[in-house]
Protein chains: 2
Amino acid sequence: MVGNSLKIHDIVIGRLPIYLRALTFLSAEGQEITSSHELGQKLGISSAQIRKDLSHFGEFGKQGTGYNIEYLSQQLQRILQVDREWETALIGAGDLGRALAHYGGLRERGFRITAIFDNNPAKQGQKLGDCVVKDSARMAEVIKEYGYRVAIIAVPAAAAQQVADICVEAGVKAILNYAPITLSVPADVHVQYIDPVLHLQRMSYYL
Amino acid sequence: MVGNSLKIHDIVIGRLPIYLRALTFLSAEGQEITSSHELGQKLGISSAQIRKDLSHFGEFGKQGTGYNIEYLSQQLQRILQVDREWETALIGAGDLGRALAHYGGLRERGFRITAIFDNNPAKQGQKLGDCVVKDSARMAEVIKEYGYRVAIIAVPAAAAQQVADICVEAGVKAILNYAPITLSVPADVHVQYIDPVLHLQRMSYYL
DNA sequence: TAGATTGTTAATCGATTAACAATC
DNA sequence: TAGATTGTTAATCGATTAACAATC
């Protein structure tokens, strides 16, 4: 059955990119067909869970055969809205900003950094990846003019909330925040966090 | 009641570093006391959940008053085993490795990169943060000799599984993996993943 | 056909929350 | 005391899994 009207929970959405990543990997290896069992084995997820997750969005497999990798990839890309390229603003041109600007994996998977801001005059004018670093003072103006809806915050913790406020005010609806603080944003703005130390501390508990 | 014998679930462990981070932030602002309600407000987590999570490990608050921030911080650090410094090996001295090596936040919060490896001869011998980049060929030897139990993988996807295998064989028990693939490791080895694109794709679903 | 695998149901399991006695 | 907040219980809510008919 195609998408009954019950709300799909975010935890399900969170697994779709993992499935997509695994499918892309298999495809690159030349494989054409896979099964929920094989995918589950590789990802450490039960096959039932994978089938259940996918069933929220449609029927993508064939009984007895499994899933066509290319087709399922395309469907997941469509569902996740990464069958297009999202212009992404990057705030912060430090070491981390530099790494992100140079990372080709973003573009391959639906996101392209096309504007970079930093408040350090020494960085402004520098070329990083495809972009020239702009003054942070122009952030609101540029985000509004080009209609950026996705931003990556890679500035120190002390500046992150202020940067987020400017992004939100300018129309950004999705923020990937590398600063080690929880941001305060309106309910219609999505935030995801990356803080390596949280992950390390979670593991050191078990050591 | 202090730690009844039921297993504490990993999802609870995963929130403790977030609480610790918020407490450190409040402490830096000069605040001495907080409540589950205040913490929850700042983090977007219910106060009941915070109290429940903490109750797995002991009684850290006072009725009518709340929690002493310094005391609770210390207790969380002890529980998470970050009341010490974990020597951490970093594999990969590209842009990302460089950003990690320069990032002071790791050391402040319990993890210190004291060995860096790269298979590119041009990188070997370079100084990055406190370390000189070593040949990846020496990885197993160095990890064994100094007893590293924590490693950060910041190499391209194609090399990540092989690097993980070497780390595991040499005794590493906790891996933070930045490569966009799911690693295959023995059950007693913990892996955490950071892939910015997974987060971005999770948000673009809603745009 | 025989074997394999899907999509879905129902049962189980785990996580979250509301509520409140205890008490600072 | 009066007000506030903890730690804990019980109820609710959500997520996962086992099982299987359908069918390729």
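Preceding this paragraph is the structure being described.
Report on the accompanying structure. (Residues numbered from 1 in each chain as written. Chains lettered and ligands numbered in written order. Predicted model: local features only at pLDDT ≥ 70, side-chain atom pairs only at ≥ 80, totals over all residues. Heavy atoms only, no water.)

Turning our attention to the pairing of strand β8 (residues 150-153) of chain A. Residue and element names in this part refer to chain A. Across the two faces of β8 the burial is the same, with Val150 and Ile152 and Ala151 and Ile153 all buried. The sheet contact formed by β8 and strand β9 (residues 174-177) spans 4 bridges and is parallel. Pairing of isoleucine 152 across the sheet is with leucine 176, part of β9. In terms of handedness, the path from β8 via helix α8 (residues 157-170) over to β9 forms a crossover that is right-handed. (Buried < 20%, exposed > 50% of the residue type's maximum accessible area, 1.4 Å probe, protein only. Helix = DSSP H or I, 4+ residues; strand = E, 2+ residues; numbered from the N terminus. Pairing = 2+ DSSP bridges. Right-handed = clockwise from strand over helix to strand, strands pointing away.)

Moving on, we come to the pattern of salt bridges. Summed over the entire model, instances satisfying the criterion amount to 21 salt bridges over all chains. Between arginine 98 of chain B and aspartate 95 of chain A there is a salt bridge, and its shortest N-O distance comes to 3.1 Å. Placement of the pair is arginine 98 of chain B in helix α5 (residues 95-102) and aspartate 95 of chain A in helix α5 (residues 95-102), with the two residues belonging to separate chains. Where arginine 112 of chain B meets glutamate 85 of chain B, a salt bridge forms, and the shortest distance between an N and an O atom there is 3.7 Å. A residue pair is termed long-range when its members are at least 10 positions apart, and arginine 112 of chain B in strand β5 (residues 111-118) and glutamate 85 of chain B in the loop between α4 (69-80) and β4 (86-91) qualify at 27 residues. (Salt bridge = Lys/Arg side-chain N within 4 Å of Asp/Glu carboxyl O.)

This paragraph deals with the packing of aromatic side chains. All told, the structure shown has 4 aromatic pairs over all chains when counted by the stated rule. With a centroid separation of 4.9 Å and an interplanar angle of 90°, the aromatic rings of tyrosine 205 of chain A and tyrosine 206 of chain A are classed as edge-to-face. Tyrosine 206 of chain A gets classed as partly exposed once you look at its relative accessible area, which sits at 28%. For the pair tyrosine 205 of chain A and phenylalanine 57 of chain B, a centre-to-centre distance of 6.4 Å together with 80° between the ring planes defines the contact as edge-to-face. Placement of the pair is tyrosine 205 of chain A in the segment after α9 (196-204) and phenylalanine 57 of chain B in the loop between α3 (47-55) and β2 (61-62), with the two residues belonging to separate chains. With a relative accessible area of 12%, phenylalanine 57 of chain B lands in the buried category. Every member of this aromatic cluster is reached through a ring pair, and the members are Phe57 of chain A together with Tyr205 and Tyr206 of chain B. The ring of tryptophan 86 of chain A carries arginine 84 of chain A above its face, with NZ or CZ at 3.6 Å from the centroid. (Phe/Tyr/Trp six-rings, centres within 6.5 Å; stacked < 30°, edge-to-face > 60°. Lys NZ or Arg CZ within 6 Å of the ring centre and 35° of its normal.)

The description of two packed helices rests on the angle between their axes and on the distance between the axes. Residues and elements named next belong to chain A. Close contact between helix α1 (residues 10-28) and helix α3 (residues 47-55) brings their axes to 10 Å; oriented N to C, the two are set at 110°. In terms of orientation, α1 lies roughly perpendicular with respect to α3. Contact residues: Val12, Arg15 and Tyr19 in α1; Gln49, Ile50, Asp53 and Leu54 in α3. (Axes fitted to C-alpha atoms, helices over the stretch in contact; angles between N-to-C directions. Parallel < 35°, antiparallel > 145°, perpendicular 65-115°, else oblique. Contact = heavy atoms within 4.5 Å.)

All names here are of chain B. Read across the sheet, 7 strands follow the order β6-β7-β5-β4-β8-β9-β10 without closing on themselves; strand pairing throughout is mixed. Two strands close off the open sheet at either side, each with one partner strand: β6 (127-128) and β10 (190-193). Alignment of β6 against strand β7 (residues 131-135), held across 2 bridges, turns out to be antiparallel. Bridging across to β7, leucine 128 finds its partner in cysteine 131. On top of the sheet, helix α8 (residues 157-170) reaches β4, β8 (150-153) and β9 (174-177); it is set at about 170° to β8, its chief contact.

Residue and element names in this part refer to chain A. Across the sheet, 7 strands lie side by side as β6-β7-β5-β4-β8-β9-β10; this open sheet has mixed pairing. Across the chains shown, the open sheet's two edge strands, defined by having one partner strand only, are β6 (127-128) and β10 (190-193). Summarising the sheet, strand β4 (residues 86-91) and β8 pair through 4 bridges and their orientation is parallel. Paired with threonine 88 across the strands is valine 150, a residue of β8.

Time to look at the nonpolar core. One finds Leu76, Ile116 and Ile152 of chain A together with Leu76, Ile116 and Ile152 of chain B to be the most contacted residues of the largest nonpolar core, which totals 92 residues. Excluding residues that lie within four positions of it along the chain, leucine 76 of chain B makes contacts with Leu16, Tyr19, Leu20, Leu23 and Leu54 of chain B. (Core = buried A, V, L, I, M, F, W, Y, C linked by side-chain atoms within 4.5 Å.)

This next bit is on unusual backbone geometry. One non-glycine residue with positive phi stands out, namely glutamine 81 of chain A, at about 65°. With respect to the helices and strands, the residue glutamine 81 of chain A is situated in the loop between α4 (69-80) and β4.

All right, on to the relation of the copies chain A and chain B then. Take chain A, turn it by 180°, move it 0.0 Å along the axis, and it overlays chain B with an RMSD of 0.0 Å. Both copies are brought into coincidence by an operation consistent with a two-fold rotation axis. The residues that chain A uses at the interface reappear at the interface of chain B in 100% of cases, marking a shared surface. (Least-squares fit on C-alpha atoms with pLDDT ≥ 70 in both.)

A word on the packing of helix α1 (residues 10-28) of chain B against helix α2 (residues 36-43) of chain B. All names here are of chain B. For the pair α1 and α2, interaxial distance at closest approach is 11 Å and the crossing angle is 100°. In terms of axis orientation, α1 runs roughly perpendicular to α2. Contacts from Ile18, Tyr19, Ala22, Leu23 and Leu26 in α1 reach Glu38, Leu39, Lys42 and Leu43 in α2. A per-class count over the contact of α1 with α2 returns 7 nonpolar, no polar and 2 charged. (Nonpolar A, V, L, I, M, F, W, Y, C, P; charged D, E, K, R; others polar.)

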